[in-house]
Amino acid sequence: MIIEMALGFLTWDDVDPARQAFDGTSVAQTVRSLGPAACVPIRPDVPFGDPAMSTWSRGEAESRADAMSYALVQQYGRWIVGWRWSHDEGDFAGGPVGNWCCPRDSITTSEETLARVEVALREWREWLEYLAGWFEAYPLDLTDIEEQRILWERAARNLILQVVDRTGCGSGWHGHCRQVLTWFLDRWGVAPEVARGLVDEAIGGRFHSWTGPDTVVVDDVAEQLALSLRPADGRSRANAPTQDHLQRWLAVRESVPWHEIPDSGMDGPVVPLRDGVAEDIRAFDGAIAPARAEDLLSALELLRADAARAARLDFALLSSWQQHVLGTTQPPQFRNSPAFGKGGKGALRHRSGHTCPPRHVSGRECTRHRPTSRPDRPSTSILRRPGAAPLTRSAWHRGERLGLRRSPTEALLTLLAG
């Protein structure tokens, strides 16, 4: 999963219209200028129930829709991914967008498809602006919660009803409702992690797919949410203790009983039925930038050649692949500063290794059953190593421009190929 395209991880900072510039008059021109607009797939002329339609929809068509989302994110920012958050059981269930459903239903001719993208994009933006208006309807102050509690309750109730109306209470609508309430609390100073917990506790599993909530339930959820708020809930992110995500991952990895995971007996290269990696590069990256896809395919061949000769999976090898992809004269250097992951345009999401000394991590350390060797426990099999190595590579993200997603992917492909 590409985190920048995951709707569930969107925060109010990500989507707040006041923070995200948008020129609605240039949408049509912008959409048509993007790489995926030049290669809209053609829907096969077969009945919807035909297996060929399902294969096309979940394969080529979905990859091209993902490519369009990715290109739009690069153009507008992370907030834009909601253009595919359709009602009911579309691409992403339970959303507020009615002008897009899914590749099977929404991708037809090139012109019709691009027009749907434009309209869905505008619809998503209008919804965010509409929510912002409701958020601002009552000037709220968490430090004055005792005097304003009725206003918080009224605002929460109105927001629930707005989401009910916009989504139609189809499949998964309650997920977006939880998100909107969390956005609302975040807007008025409640720490996001606290807001999520308070919203979940107030709802208490009482919202369900395909069912509109009773008035009594809506009122009670809003009341419980307002009653649960405290001035201390507004602790800022700056005051929150900094987490070392690398240490957290190493602790999790240490606790996994890798030796107890069943083994199928496979101990060699995986022989696939199809080349899914190459197909994904051609469909997704090829739609965004054909030259980029060619570079990635070339790097894939290099990776597989190194795997075939049993090359040591270490920093130097990863750097050589990155040099090939980036087309630089020198490989990426070993980075001695902390790693920062960003969501959208600049929002800090993740920091790794800020308390740990910089060091290289060998392929052997990534692929064994745990970070510290234990002679009484065997190494993991070919089925277990892919689950551990990419995550460890991601945690020990130590290369300048090494690629936080690309590097773990390469480690995984090497293990599968070798």
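Residues numbered from 1 in each chain as written. Predicted model: local features only at pLDDT ≥ 70, side-chain atom pairs only at ≥ 80, totals over all residues. Heavy atoms only, no water.

(A) Layout of the overall build of the protein chain. Of the regular secondary structure elements, the protein chain holds 16 helices and two strands. Within the protein chain, contacts between residues separated by at least 24 positions form 69% of all contacts whose residues are at least 6 apart in sequence. (Helix = DSSP H or I, 4+ residues; strand = E, 2+ residues; numbered from the N terminus. Contact = heavy atoms within 4.5 Å.)

(B) Representation of the packing of helix α6 (residues 145-167) against helix α9 (residues 215-228) within the structure. It is the contact of α6 with α9, at a shortest axis distance of 8 Å, that shows an interaxial angle of 140 degrees. By the angle between their directions, the pair α6 and α9 is classed as oblique. In the crossing of α6 with α9, the sense of the turn from one axis to the other is right-handed. Across the interface between the two elements, R149, W152, E153, A156, R157, I160 and L161 from α6 touch T215, V218, D219, V221, A222, E223, L225, A226, L227 and S228 from α9. Grouping the constituent residues of the contact of α6 with α9 by class yields ten nonpolar, two polar and five charged. (Axes fitted to C-alpha atoms, helices over the stretch in contact; angles between N-to-C directions. Parallel < 35°, antiparallel > 145°, perpendicular 65-115°, else oblique. Left-handed = near helix turned anticlockwise from the far one by under 90°. Nonpolar A, V, L, I, M, F, W, Y, C, P; charged D, E, K, R; others polar.)

(C) Focus on the environment of G35. Mapping G35 onto the fold places it in the loop between α2 (27-33) and α3 (51-76). Each C-alpha atom of the pair G35 and D285 lies 9.6 Å from the other, and the pair is 250 residues apart in sequence. Not counting chain neighbours up to four residues away, the residues in contact with G35 comprise A287 and I288.

(D) Main features of unusual backbone geometry. A positive phi angle, close to 55 degrees, is found at D88, a residue other than glycine. Structurally, D88 can be placed in the loop between α3 and α4 (103-106). Judged by its relative accessible area of 30%, D88 is partly exposed. One non-glycine residue, A310, lies in the positive phi region at around 60 degrees. Looking at the secondary structure, you find A310 in the loop between α12 (290-308) and α13 (315-326). (Buried < 20%, exposed > 50% of the residue type's maximum accessible area, 1.4 Å probe, protein only.)

(E) Region of the structure containing the confidence of the model for the protein chain. For the protein chain, mean pLDDT is 79; residues scoring 70 or higher make up 73% of the total. Contacts for the low-pLDDT stretch residues 342-364, under 50 throughout, to residues beyond four places or in other chains number 66 contacts. Between residues 369-404, whose pLDDT stays under 50, and residues either more than four places distant or in other chains, the model counts 110 contacts. (pLDDT = per-residue confidence, 0-100.)

(F) Structural context of α3. Between its terminal C-alpha atoms α3 stretches 36 Å, which fits the 38 Å expected from 26 residues at 1.5 Å a residue. Largest kink in α3: about 40 degrees, centred on E62. Sitting at the head of α3, D50 places a side-chain oxygen 2.8 Å from the backbone nitrogen of A52. Downstream of α3 by a residue or two, G77 has a phi angle that is positive, lying close to 115 degrees. (Expected span 1.5 Å × (residues − 1). Bend = angle between axes of the 7 residues up to and from the residue. Polar contact = N/O pair within 3.5 Å; in protein donor to acceptor, adjacent residues only side chain to side chain.)

(G) Fine view of the side chain of E123. In this fold, E123 is placed in helix α5 (residues 110-135). What E123 contacts, discounting residues up to four positions off in sequence, is P96, V97, G98, N99 and R166.

(H) How the structure looks around the pattern of salt bridges. Scanning all chains against the criterion turns up 17 salt bridges. With a shortest N-O distance of 2.7 Å, R292 and D285 are connected by a salt bridge. (Salt bridge = Lys/Arg side-chain N within 4 Å of Asp/Glu carboxyl O.)

(I) Focus on the environment of G98. One can find G98 in the loop between α3 and α4. Placed 26 residues apart in sequence, G98 and W124 show a C-alpha to C-alpha distance of 9.3 Å. With residues up to four places along the chain from it excluded, the contact list for G98 reads H87 and E123.

(J) Seen up close, the side chain of D233. Mapped onto the elements, D233 comes out in the loop between α9 and α10 (245-255). There is no salt bridge for the buried D233, and the closest opposite charge comes from R230, which lies 6.3 Å off by N-O distance. Of note is the side chain of D233, whose polar atom sits 2.8 Å from the backbone nitrogen of R230. Contact partners of D233, with chain neighbours within four places excluded, come to L142, G189, V190, A191, V194, L198 and S228. (Lys, Arg positive; Asp, Glu negative; His and termini not counted.)

(K) Local environment of the packing of helix α8 (residues 192-203) against α9. One can describe the packing of α8 onto α9 by two numbers: an axis separation of 8 Å at closest approach and a directional angle of 140 degrees. Of the possible angle classes, the one that applies to α8 and α9 is oblique. The two elements α8 and α9 meet at a crossing, and its hand is right-handed. Across from L198, V199, A202 and I203 in α8, the residues of α9 making contact are V221, Q224, L225 and S228.

(L) The arrangement of α9 in detail. If you check α9, its first and last C-alpha atoms are 20 Å apart, about what 14 residues at 1.5 Å a residue would give, namely 20 Å. Every buried residue belonging to α9 is among V217, V218, V221, A222, L225 and A226, and all of these are buried. Along the axis of α9, the buried residues cluster in a sector spanning 165 degrees; they form a single face. (Arc of directions from axis to C-beta.)

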